[in-house]
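Reading the structure
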Amino acid sequence: MRALPAARQPAPCPPPGAQRSVARSQARRAGGRGEASAGASCRSAEEPRARVIVPILTNKKNHQGWPEVVSQDIVRHVHNLKSTIFTVVGQVDGKTLLPLPAGSEGIEDIDLENEKSMERIDKSLVYAMESAIIDWSHQIQEALKKESSEPLLQGSNPNPKVELEFWKNSPCVAGGSPESGPGETDDVGGQLMAQCRCDDLECIYNQLTTRKVRNMMELLERVESSYIPAFKTMLMDVEAALTEAQDVHLHLTALKRRLEDVERVEFSEVKPFLLPLLHVVCLIWVTSKHYNMPVRIVVLLQEICNLLIEQALVYLSPEDLLKGDMEESLGKVRMVLGILNMFKEAFEERREKLHMYYEAGQEVREWDVSSTMVFVRLDTFLKRLEMVEDLLATSLDLMKLEKIEFSGIKGKTLGQQVLDMYEEFQEAYKVFSERTYDCLDLTNTDFEQDAFGFQQKVEDMDRRLGTIFIQAFDDASNLDHAFKLLDMFGSLLERPVVAADAAGKYSVLISMFSRALDHARLICSRHIQAELKLGSPPVHKNVPPVAGALRWAQELRARIQVPFDHFRHIPHLCLDSAGGRRVIEKYEEMIQLFNRYQEKLYADWSQTVSEKSQYNLTQPLIRRDPETKLITVTFDPQLVSVLRELSYLSGSRLGAIPPTAAEICSSKESYRQLAANLELMVNRYNKVLKTVLEVEYPLIQEQLWDINLKLKKAEETLNWKMEGVWDHISMVMDDVHDLEQRIQKAKNNVEEIQTIVGSWASPVFVRRDCKRESLLSLEDCQDRLERRYSLVRESGQRIHLLVKENQSLLLADPASDIWKAYVDDVDEIVLDGFFTAIECSLKYLLENTDPKAGLPPLFEVQLDLVIPDLIFQPSLDPGTNDGFYDVVEGLLNDIYRISSLVPRLAEHSGFLHYQADMEDMADLADMRHELMGRVQAVMAACCDYRSAFDHYSGLYGEDRKEFFCQFLLYGHILTAAEIEAHAENGVPESPPTLQQFREQIDSSEKIYEEVNRIEPISIFQSWMKVDARPFKASLLNVIKRWSLVFKQHLMDHVMHSLSDLDEFIKTADKGLSKKVEKGDYDGLVEIMGHLLAVKERHSVTDAMFEPLKQTVELLKTYEQELPEEVYKQLEELPEKWNNIKKLAIAVKQHVAPLQANEMTVVRKSCAAFDVEQHRFRERFRKEAPFRFDTKKPYQLLDTKHIEIKQMESAMTSIYESAGLFEVIVPDYKQLKQCRKELCLLKELWAMISLVGTCLDDWQTTKWADINVENMDLECKKFAREIRNLDKEVGAWDAFTGLDSKVKNMLTALKAVAELQNPAIRERHWNQLMQVTGVRFVMDSDTALADLLKLNRHNFEDEVRGIVDKAVREMSMEKVLKELKMTWSTMEFQYEPHPRTNIPLLKSDEELIETLEDNQVQLQNLMTSKCIAFFLEEVSIWQRKLSTTDSVISLWFEVQRTWSHLESIFIGSEDIRAQLPKDSKRFEGIDVDFKELAYETQKTPNVVEATNKPGLSQQLEDIQSRLSLCEKALAEYLDMKRLAFPRFYFVSSADLLDILSNGTNPQLVQRHLSKLFDSLARMKFQLDSEQKPTKVGLGMYSREEEYVSFSEPVTAVGRWRFAAPRSGGQPRLGLPLPGWRKATRMR
């Protein structure tokens, strides 16, 4: 903002984004608005000064009494301070702010045209203006000298963004928005505020053109100041610099987008953006008037280089470059090098083509700058990158040392040396991974030193590597090892030092290859000699001779070719020497030798292959063994050999294959496939014959017959050269494959069943954790049993699925006997499995319960003391439920029960499962019987063991408390005789003596020692473990308690007796020591109390000391120590007691006169209180809250309680006084009765309050929230509590009212419960309100109180009737809803007619059953007395379903008749010819029925489809017409039967089939067996396509016996059966010549 005078407000700045020209014009028009402009921060810094400091220090009134010089000096200093702050604030904002001179505040008000005004101007103001111009010139020159190259010259590395920001022209200029501040400019490089040149110059220009400054200049012109020319020159310099900055900013703006592209992408993708970037730089050079200077373009290019270096550093991550993966780091470094070098090349290219950017005739200005100057930092960075690249490449080479392994004698030594070198390399390279410096920091020299040291170590390693290579090469045993060595070293051999050492070994390598060639020649000569000797070349196993010999030649050729190819790829090997040329000549000679050998071998084979290839191709395909019935493939081995040779040689390029062999070769795949498939089929067929079981054979016998018939042709006529062989064989193969797969799958299923039942053969119950020494854990038995049951159930399901699958696989009829026999066989497997499973478990139990086996115990029982009995856990007593016998019996039952978990496979056996068979098996029954006998024996032994402890029963069988009480009273337990003898007066008490205590304690200690010697564990019959520890511990505890009872009683007796006496003596001594004067009533009372107490204890205390001493001595003998205080008291208390007795006698004599006076007073008080209590009783009966309608009962109870308490206090005081002074007091019964009734009233009203609060709370319960069940339970609880009150309250009105209230609520709740029935509808509520006469709105706000107003208990029968009716109506509504839902989704199912494909209704049992059920339901609804509301709807449904039922029945009858007659009258021309009139009639029926069927299909819903108008009449009409057709057809068939009586042997359907297919013998002959006993089918001649013709060749009987005709018979015309001729031969249209012969054979 502009610096303004303190008394003025700042002028607003134009909005951000306004154009510079607009801002400049606005600034010019703001000439009178204050000082030169400044930023918003200036205003914020100026305001405190302007408002506080400056007015105070410059106010003349504050200078009163000051010298003028001091006043002026202060004003000057304040102005200097103001100007300095103003300037600094501008610098902070990145702008040059020009402070105005002192006294310029009103200069814009001076009228420069008025001479008088000019005369009044102070010359000091002119001086201040001239001084300001001088200061401004310094500031402006400093701003004009700023260049964008300053950051570079200062040593920083700015990027192009700094250049753009330097020339930036921001939209908010000086004098701009008050909201703008220094923080709104981007901070680029920390210097952007000071580098926005365009903004700064525009700010200066705006300040110099303000009105105030123009007035100052005009004033200086008037006074002819010499600074005016300097000001104008300064203004022109600013204008020129501003124009230059705007031009540069305009052109550099185009560069911003390209720079953003470079910054946005990954550095690896930056290459495509570099050329466009340089292109823009070239355009700026050509088009800008002020930026086309070398110095500026160099700065820009250096900054671009800095940007690329920054991007490269981010991409490379220098801190991880030498610490990460070397190969990845090397790739990144090489990519960066390529991109940066490409940038340099692109720069040179653009510089050479710079003239292309100029137009024709335009002066070309070249970039006459040195590339070194442009890329000074980039070249240094590239050198550092190359150093890193060399370091990484060297490291990657040396990383291979870890994988180098040597063979030979020196292999281990050389390998260790290489590993040592690798470790040295790792140690040397570790320096870089441990360093924290940036390896790409150009100012860091530590990396260069480390790299130089690493390079020296690498050179030493290279020299050692060369030596190792030479030693390893010398140690190589053959040429292959040498080449492997070269391959292992790989790129290491390209290192200069290693390459120099390895150069001398290449000649040795050539010599080794020469020797290898000589050895190959020797092998070839030996092979040829062996071939001449043996007659055929020696080849590898399983390889044809010729192909094997050729393969051998190729392998030997490869043996010399591979090394020769390696030679070509060795970079430093030269074969131009004399030795190299000789090796090449040898190699070529060997190659020619191999070629000649292969050509000769191939030519010899070609001459003989044709003869071999034709052998035995005309033989049948298969051959059958007459004994075993197994078959084999007849493919000749020589032909196989030829095909094998052809398969090997067809791909070779040795020569043409002979035509015959080529023909076979072209068909070799078909031969191979045919032979392979035949072999596969034969194997499968033979497998079936070999593996089929006796029970399986009847199931597949018919299938085998069919396959044998098909195979007979392949055994007799088909050969390898015939056409169409594959078509015949493929069908047979499919049949054999299908049969073999099904049989194998069935066998696999049976094996799986055997595996499944075998998995059951493990004991169900075993010892815990299966350890030998562990017991059988009964707790874990149930878990194990559930797991076993689950396994058996799942297994049973799986077995049934497998058997069902076998039925489908074997194509068996489940009702046939052969299938039942098969199932019985599988059933036996399952039966054996269950037997094995149960036997395994029983054997396990028998083995572990064998007394002679010497095994650890299997079962354990605990003997425990459960007072008053000794029990075993589990119980071993015979006949006890859940005892050990039942446990074992249950285990056995559980074991047997596994056989009931699988349903019986053989359902025809009559058993549901296998358990009955298991229980009938004698072996299992014997084992079970033996096991249970052992159980009974061990139970008897254990019970005998328990009986040995019966003599201890007195210890735990008697009541210890009762015993001790009797002991303390009588010294012993009373016998029945004693009790009977003293029945009237009771047994006289006889407290025990100390000797009796001693006897009891001694007896307990003796028994304790005896019990402690009992063995804790006992084993019976080696398998039953009895744990007596619980019993022993309990019994010992009982004995200890007996002993402790006596000891503790003695100890308590001693301590309590002494402590009570001690306390009594102290209290009595203190009380008797007080003096009593006449009139001191309280003192007298206290003295009398102490005297009474001493009197009462006198005799007892005198006799207690000696017995106590004896008791202490007795306790010592049992090691029962008493506290020391007891012994001390025992010594001192006798003397203290004697002193108290003497003191009491003396005091009694002293207070005797006072005692007589007080006795008289006490008697009077007793009489007066008796009168008062009767009065209180009468008042209490009247005022107490005995009525149910009492108001504020609790206040009354509180009042009466206070009154009774006061009375009781007085009564207690009288009792105490009377007792002290020995006065007889009456029993105040009236007061005690009041107290009792008050308590009962309080209890009764508490119940009334509780019930009332609860019922009132229920009154507000909303209808939806009413929980009648909970309320009813609560009311019943209240009723029980009321009944449990004292019987005395039953006569009170309050009790009667409470009881009635609860009973009424119970009755009302029953009614509410009935009304909560969901069947209640709005109509029922209206009926209820009509009956009760109470009206209310039934909605969500209805509360329980509204329902209680119905007084339901007065209309109980009527309401119950309404509710019952609602329930019945709801059930009707539910039935109708389900009915509607059912029939809305019930649709017809259709199936296409086999011949015409018209949609026929499919019989749906579910539909028929649903229809019948729903009709019955509707009939039941009609009989209900509550049908009135639903009568109309039920009637409609009755009509609909009745119609549906009749239409469906009629439809199926019509459809069945039409389907039967359609194929006869439409499909049979013979019938149509015989019955033309009826055929015509049926055609009409056919049209009508089809139309009806298609029309019905459009309406799938059953009810809608069957209730169409007129449908029933249409069906009845079709049915009547069909009846006529049926009648005509029956007459026609009777006529045919009369013509040929054998037709009586077949059904009408078969006869119709014969008559309908009279022109097709193949379809007619399936009925021959029904007409003739000895004739099953006929044999017809086959045509070229193997299809039967109408020429008959012979006939087959049912037993497959064949009789050929004497001559073929042609069945021409219609086949029909005629009556037999005189010879008895039937006629089938033509005579059967072989009939008589066949008859004779039969």
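Here the residue numbers are simple positions, counted from 1 along each chain's written sequence. Reporting of local features is limited, given that this is a predicted model, to residues whose pLDDT is at least 70; pairs of side-chain atoms are given and counted only at 80 or more, and all residues count toward the totals for whole chains, interfaces and linings. Heavy atoms from the whole structure form the basis of all side-chain values; hydrogens and water molecules are not counted.

**Describing the sheet that holds strand E9 (residues 1577–1582)**
Sheets are built from strands paired through backbone hydrogen bonds, the pairs being either parallel or antiparallel. Let me state the cut-off plainly: We treat two strands as partners when DSSP finds at least two bridges between them. Strands are runs of DSSP state E lasting at least two residues, helices are runs of H or I lasting at least four, and both sets are numbered from the N terminus onward. Where helices are involved, their axes are fitted lines through C-alpha atoms of the stretch in contact, as for all axes, and angles between N-to-C directions lie from 0 to 180°.
Taken together, 3 strands build an open sheet; the order of strands is E9-E10-E11 and the sheet is antiparallel. Edge positions in the open sheet fall to E9 and strand E11 (1602–1610), since each of these has one partner strand only. On average, each strand axis in the sheet is tilted by 40° relative to the strand beside it, whichever way the strands run. Here strand E10 (residues 1588–1596) pairs with E11 via 5 bridges, running antiparallel. Counted as the bridge partner of tyrosine 1596 is tyrosine 1602 from E11.

**Description of helix H18 (residues 411–434)**
Worth spelling out the cut-off: Here the expected length of a helix is defined as 1.5 Å per residue gap, with one fewer gap than residues. Categorising residues by exposure relies on relative accessible area from a 1.4 Å probe, with only protein chains included: less than 20% of the type maximum marks a residue as buried, more than 50% marks it as exposed, and the intermediate range marks it as partly exposed. The criterion used for residue contact is that any of the two residues' heavy atoms lie within 4.5 Å.
When the terminal C-alpha atoms of H18 are compared, their 34 Å separation across 24 residues agrees well with the 34 Å that a helix rising 1.5 Å per residue should span. By the burial criterion, the buried members of H18 are Gly411, Leu414, Gly415, Val418, Met421, Tyr422, Phe425, Ala428, Tyr429 and Phe432. Looking at the buried positions of H18, the neighbouring elements they touch are helix H15 (326–352), helix H17 (376–399) and helix H19 (446–475).

**Examining a negative patch on the surface**
Test applied: Each patch is built from residues that are more than 30% exposed by relative accessible area and take part in no salt bridge. Like charges join if they lie within 9 Å; nonpolar side chains (Val, Leu, Ile, Met, Phe, Trp, Tyr) join within 5 Å. All accessibility values rest on the Shrake-Rupley procedure with a 1.4 Å probe; residue burial counts only the protein chains present in the view. Any Lys or Arg side-chain nitrogen found within 4 Å of a carboxyl oxygen on Asp or Glu counts as a salt bridge. The sign given to each residue is positive for Lys and Arg and negative for Asp and Glu; His and the chain ends receive no count. Note that the charge is assigned to NZ on lysines, CZ on arginines, CG on aspartates and CD on glutamates.
Negative charge collects at one region of the surface, where Glu1405, Glu1406, Glu1409, Glu1412 and Asp1413 lie side by side. Along the chain, glutamate 1405 falls in helix H51 (residues 1405–1422). With a relative accessible area of 60%, glutamate 1405 lands in the exposed category.

**Thoughts on the packing of aromatic side chains**
Operational definition: Side-chain rings of Phe, Tyr and Trp (the six-membered ring for Trp) are treated as a pair once their centres are within 6.5 Å; stacked means planes under 30 degrees apart, edge-to-face means over 60, and tilted covers the remaining angles. Two limits define a charge over a ring: the Lys NZ or Arg CZ must be within 6 Å of the ring centre, and within 35 degrees of the ring normal.
Counting across every chain of the model gives 26 aromatic pairs. Aromatic side chains tryptophan 819 and tyrosine 822 sit 5.2 Å apart centroid to centroid with 25° between the ring planes, which places their arrangement in the stacked category. Here the residue tryptophan 819 and the residue tyrosine 822 both occupy positions in helix H31 (residues 817–848), the gap between them amounting to 3 residues, near one helical turn. For the pair tryptophan 819 and tyrosine 822, a shared accessibility class is recorded, and that class is buried. A centroid spacing of 6.4 Å and a plane angle of 45° characterise the contact between phenylalanine 1064 and tryptophan 1137, whose relative ring orientation is tilted. Placement of phenylalanine 1064 in helix H39 (residues 1029–1072) and of tryptophan 1137 in helix H42 (residues 1124–1150) is noted, with a sequence separation of 73 residues between them. Residues phenylalanine 1064 and tryptophan 1137 agree in their burial class; the two are buried. Among the aromatic residues, ring-to-ring pairing joins Trp285, Phe343, Phe347, Trp367 and Phe375 into one connected group. In this structure, lysine 332 is placed above the aromatic ring of tyrosine 315, and the distance from its NZ or CZ to the ring centre is 5.4 Å.

**Points about the confidence of the model for the chain**
Cut-off, in case you're wondering: Residue-level confidence of the predictor is what pLDDT reports, using numbers from 0 through 100.
Scored by pLDDT, the chain has a mean of 76; 79% of the residues are at 70 or more. The element-level mean pLDDT for the chain is lowest in helix H60 (residues 1635–1641), coming to 33, with H31 highest at 89. The low-confidence segment residues 171–195 (pLDDT under 50) makes 60 contacts with residues lying over four places distant or belonging to another chain. Note on residues 1614–1642: pLDDT is under 50 here. Beyond four places in sequence and across chains, it has 63 contacts.

**A look at the pairing of strand E6 (residues 1024–1027)**
Across 4 bridges, the pairing between strand E3 (residues 859–866) and E6 is parallel. Its bridge partner lying in E6, glutamine 862 is registered against aspartate 1027. Here 4 bridges tie strand E5 (residues 1017–1020) to E6, and the two strands are oriented antiparallel to one another. The partner of isoleucine 1017 across the bridge, within E6, is aspartate 1027. The turn joining E5 and E6, which pair antiparallel and follow one another in sequence, is formed by 3 residues; a positive phi near 55° is taken by glutamine 1021.

**Focus: unusual backbone geometry**
With an omega of 0°, the peptide bond between glutamine 873 and proline 874 qualifies as cis. Relative to the helices and strands, proline 874 is located in the loop between strand E4 (869–873) and helix H32 (884–897). Within the chain, glutamine 1021 stands out as a residue other than glycine whose phi angle is a positive 55°. Along the chain, glutamine 1021 turns up in the loop between E5 and E6. The backbone of glutamate 1600 sits at a positive phi, close to 65°, despite the residue not being glycine. Looking at the secondary structure, you find glutamate 1600 in the loop between E10 and E11.

**Description of the environment of isoleucine 1408**
For isoleucine 1408, the location among the structural elements is in helix H51. A relative accessible area of 28% means that isoleucine 1408 is categorised as partly exposed.

**Let's talk about a nonpolar patch on the surface**
Taken together, the side chains of Ile53, Ile56 and Leu57 make up a nonpolar region of the molecular surface, amounting to roughly 240 Å² of accessible area. Looking at where isoleucine 56 falls in the secondary structure, it is placed in helix H2 (residues 40–58).

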